[in-house]
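Observations on the model geometry
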Amino acid sequence: MTTLTVSGRVAQVLSSYASDVFGVMGNGNVYFLDAAEQQGLRFTAVRHEGAAIAAADAYYRASGRLAVGTTTYGPGYTNALTALAEAVQAQIPVVLVTGDAPTTGARPWDVDQATIAAGLGAATFTVTRDDADAITRQAVEYALSRRTAVVLAIPYDLAALEAAEGDLPEPAALKMTDDGGTDLAQVARLLAGARRPLILAGRGAHLAGAGPELRELADRLGALTAGTALALNLLNGEGYLGVAGGFGTDTAAGLMGEADVVLVAGASLSPFTMRFGHLLGPDATVIQIDTAVEPTNPRVDVFVQADVKVAASRLLSLLDGEAAAGAWRAEASRRLAVGAGHAAGSDEIVDGRLDPRALAAALDAVLPERRTVVQDGGHFIGWAPMYWHIPRPQDLVMVGTAFQSIGLGLASAVGAARAVEDDRTLVLASGDGGFLMGLSDLESLIGAARSAIVVIYNDAAYGAEIHQYGSQGLTEKPMLIPEVDFSGVARALGAESAVIRSLDDLSALQDWIDAGAKGTFVADCRITSSVRAPWLTEWMNATRAPKAALAAVAAVAAG
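The structure presented is a predicted model; accordingly, all values stated were derived computationally and were not measured.

Structural notes on the overall build of the protein
In terms of regular secondary structure, the protein is built from 22 helices and 18 strands. On C-alpha atoms alone, the protein measures out to a radius of gyration of 25 Å, which is about the 24 Å that the 2.2 N^0.38 rule sets for 559 residues. Dimensions of the protein, computed from C-alpha atoms along their principal axes, come out at roughly 70 × 65 × 60 Å. Within the span of the protein, comprising 559 residues, buried residues form 55% of the whole. Partitioning the contacts of the protein with sequence separation of at least 6, the portion at a separation of at least 24 is 77%.

Now the structure itself:
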């Protein structure tokens, strides 16, 4: 057996799970990166340590394959914390390989990295000289089985030492959750008797590969279907209503509200999906199938802990005869045909800038059909799922939503660019505020992407704050950003670019696409801050309602 260092054993085990590593080299991980290259792992350099985890996270979301992020100890590690928290909150398997304090004790500049990770909800696995391979395997299996981020720490004084020899353990087979047992018989009876059934799928259903089974189940029942934003088009077909929640249309939401039995498959029923309690009718029976240990929303009436794919297959075998739904789909089709869709936006805005709705619609017609979209967080976040065709769930990588962050978009685009197929174009949608936060990794994207388009919704402001707080009379001065010439910055770094002040200016992007769409194109789109996204209006109304109710109670009490 070849003698390897501790870093070498770590890299060897990781190479059996992953092909890609993203990170920034430093004292704490230099030996690991050397070993990773010897093991054939592809290293993509990023320019900020936070991008290491964000890129690995997006790589998984776009491909379903594990990736590794790596940083040095101390400041390199702490720089990665926001992206690490996002991965934990979003339940994304990712491994952060980092240096750590030596086994002889902390140095003056060391911090307690394991305690910091625990505060974010991430477990830390610290390798030893005797068990580097086994501990690495344990960390990866933990990340995959629990769908979470983990930290794999290599003490500084062990990184270059020879590891103890031993047999390299084989990867453990992941166990699939069972089908929910007899609970599914009750679910089958409820679905068979439904007159207006709805199947709502989430990212858990996509990750379980349950799309075909749920689609067949919907067709058997005559059910309408919908998805969360992270399961967009998973159940596309007859009766598909689109996105459930603030990114959907009011017509579709009205139909969802009339469902009498709702099967929720692998979705958590977040406040945004539930339209803050208004999506489903008060009398609807809500069934949730999920790998969680308990229902994730008080509206759930029947909960089955199971793998969604296995459970859906079992339900198909339990259903016998014709369902009661009858003409439910036909009625829905008629109403969708005449109902209002998303607002088209205006060609003329008083301030002379672009309406983001009209821009998004125009971009959809220009962007290559085979696209994978990465969305940073921000006010603009709904324009892609609302106005752009997203072919498959894995083609919409929405980052920052779990941890409510902005600034991870560029880093995430690097990981997604490494994950997408050669004939697919990576499209990043970002706001100007978030783009400036991650600006150093524009260079990383330009270097990593075969074909990438960056759309910057540039309103010279933190748009969400303008609408939430500027509208209340708070000073807008801290909410404003000097208008940056992102097009000029992009050209300096080697990308093609154009400033988009009118829809006609999109011809520059169209010409680049027609010429082969090779490299990176940055579209600096100057949009107005006067248009408020409907999802934000909904959120603002929901958060203000309790305050208004309390004020009314106080007024009555005072009277």
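A closer look at empty space enclosed by the protein
Tallied over the full model, the rule gives one cavity of 30 Å³ or more. Estimated volume of the largest cavity: approximately 40 Å³. What lines the largest cavity is simply A192, R220, L221, L319, D320, G321, E322 and A323. Here the lining of the largest cavity is composed, by residue class, of four nonpolar, one polar and three charged.

Some details on the pattern of salt bridges
For the structure shown, the criterion picks out 25 salt bridges. For R9, the salt bridge goes to D133, with nearest N and O atoms at 2.6 Å. With a gap of 124 residues between them, R9 in helix α1 (residues 6–15) and D133 in helix α7 (residues 132–146) connect regions that are remote in the sequence. The buried category is assigned to D133, whose relative accessible area is 8%. Residue R371 pairs with D364 through a salt bridge whose shortest N-O separation is 2.7 Å. With a relative accessible area of 23%, D364 lands in the partly exposed category. A network of salt bridges, in which partner residues are shared, links R215, D219, E238 and R329.

Here we look at the side chain of N458
Along the polypeptide, N458 turns up in strand β16 (residues 451–458). Ignoring any residue separated from it by four or fewer positions in sequence, one finds N458 in contact with R353, D432, E483, V484, F486, D524, C525, R526 and I527.

Re the nonpolar core
Grouped together as the largest cluster of nonpolar side chains are 55 residues, with contacts concentrated most on L426, L428, F435 and L445. In terms of residue count, the dominant contributor to this core is helix α3 (residues 49–63) (10 residues). For L428, the contacting residues outside a window of four places in its chain are V374, G409, L410, A413, F435, I453, V454 and V455. Counting residues in hydrophobic clusters, the runner-up holds 43 residues, among them F380, W388, A498 and A517.

Digging into the sheet that holds strand β6 (residues 149–155)
On the basis of which strands lie adjacent, the open sheet formed by six strands has the order β2-β1-β3-β4-β6-β5 and parallel pairing. The sheet terminates laterally at β2 (42–45) and β5 (123–126), the two strands that pair on one side only. The average undirected angle you get between the axes of adjacent strands in this sheet is 25 degrees. Together, β3 (68–71), β4 (94–100) and β6 form the strand contacts of α1, whose direction differs from that of β6 by roughly 155 degrees. Across the sheet, helix α6 (residues 113–120) lies against β4, β5 and β6, angled at about 155 degrees from β4, the strand it touches most.

Quick look at unusual backbone geometry
Residues other than glycine seldom take positive phi values, yet F276 does so here, at roughly 55 degrees. Taking relative accessible area as the criterion, F276 reaches 22% and is therefore assigned partly exposed.

Details of helix α8 (residues 183–192)
The set of residues buried in α8 consists of L184, V187, A188 and L191. In an axial view of α8, the angular spread of the buried residues amounts to 100 degrees, which keeps them on one side of the axis. Buried residues along α8 sit in contact with α10 (211–221), β10 (261–265), β11 (285–290), β12 (302–305) and α12 (308–318).

Examining the packing of aromatic side chains
On inspection of all chains with the given rule, the structure shows nine aromatic pairs. Centroid distance F125 to Y142: 5.4 Å. Interplanar angle 65 degrees. Geometry classified as edge-to-face. Separated by 17 residues along the polypeptide, F125 in strand β5 and Y142 in helix α7 bring together distant segments of the chain. Ring plane angle 70 degrees and centroid distance 5.4 Å describe the contact between F272 and F276, whose orientation is recorded as edge-to-face.

Topic: a nonpolar patch on the surface
A cluster of nonpolar side chains, contributed by M25, V30 and Y31, occupies part of the molecular surface with about 290 Å² of accessible area. Checked against the element boundaries, Y31 lands in helix α2 (residues 30–38).

Describing the packing of α3 against helix α16 (residues 409–419)
A pair of packed helices is captured by two measures, namely the crossing angle of their axes and the spacing between those axes. Contact geometry of α3 with α16 gives a least axis separation of 7 Å together with a crossing angle of 40 degrees. Taken together, the axes of α3 and α16 lie oblique to each other. Every pair of crossing elements has a handedness; the one defined by α3 and α16 is right-handed. For the pair formed by α3 and α16, the contact residues are A51, A54, A55, A58, Y59, A62 and S63 on the first element and A411, S412, V414, G415, A416, R418 and A419 on the second. Grouping the constituent residues of the contact of α3 with α16 by class yields 10 nonpolar, three polar and one charged.

Quick notes on α2
Along α2, the positions that sit buried rather than exposed are F32, L33, A35 and A36. An end-on view of α2 places all buried positions within 165 degrees of arc, on one side of the element. Residues E37 and Q38 are exposed on α2 and point more than 90 degrees away from its buried face. The elements touched by buried residues of α2 are α1, β1 (20–23), β2, β3, β4 and β6. Positive backbone phi, approximately 85 degrees, marks G40, located one or two places after α2.

A look at the sheet that holds strand β7 (residues 197–201)
One open sheet holds the six strands; their spatial order is β9-β8-β7-β10-β11-β12, and the pairing between them is parallel. Two strands in the sheet have a free side with no partner beyond their single neighbour: β9 (240–243) and β12. Adjacent strand axes in the sheet meet at a mean angle of 15 degrees when their direction is disregarded. Inspection of the sheet shows β11 paired to β12 by four bridges, in the parallel sense.

Describing the environment of S487
With respect to the element layout, S487 can be found in helix α20 (residues 486–492). The sequence separation of S487 and V499 amounts to 12 residues, and the corresponding C-alpha distance is 6.1 Å. If near-sequence neighbours (up to four positions away) are discounted, S487 is found in contact with S497, A498, V499 and D524. Separated by 2.8 Å, the side chains of S487 and S497 make a polar contact.

Cut-offs and rules
- Residues numbered from 1 in each chain as written.
- Predicted model: local features only at pLDDT ≥ 70, side-chain atom pairs only at ≥ 80, totals over all residues.
- Heavy atoms only, no water.
- Helix = DSSP H or I, 4+ residues; strand = E, 2+ residues; numbered from the N terminus.
- Rg over C-alpha atoms; globule rule 2.2 N^0.38 Å.
- Buried < 20%, exposed > 50% of the residue type's maximum accessible area, 1.4 Å probe, protein only.
- Contact = heavy atoms within 4.5 Å.
- 1 Å grid on protein atoms, 1.4 Å probe; cavity = no way out; pocket = protein on both sides within 12 Å on 5 of 7 lines; lining within 4 Å.
- Points joined across faces, edges and corners; volume = space filled by probe spheres on them.
- Nonpolar A, V, L, I, M, F, W, Y, C, P; charged D, E, K, R; others polar.
- Salt bridge = Lys/Arg side-chain N within 4 Å of Asp/Glu carboxyl O.
- Core = buried A, V, L, I, M, F, W, Y, C linked by side-chain atoms within 4.5 Å.
- Pairing = 2+ DSSP bridges.
- Axes fitted to C-alpha atoms, helices over the stretch in contact; angles between N-to-C directions.
- Arc of directions from axis to C-beta.
- Phe/Tyr/Trp six-rings, centres within 6.5 Å; stacked < 30°, edge-to-face > 60°.
- Patch = residues over 30% accessible without salt bridge, like charges linked within 9 Å, V, L, I, M, F, W, Y side chains within 5 Å.
- Areas by Shrake-Rupley, 256 points an atom, 1.4 Å probe, with all protein chains shown as cover.
- Parallel < 35°, antiparallel > 145°, perpendicular 65-115°, else oblique.
- Left-handed = near helix turned anticlockwise from the far one by under 90°.
- Polar contact = N/O pair within 3.5 Å; in protein donor to acceptor, adjacent residues only side chain to side chain.

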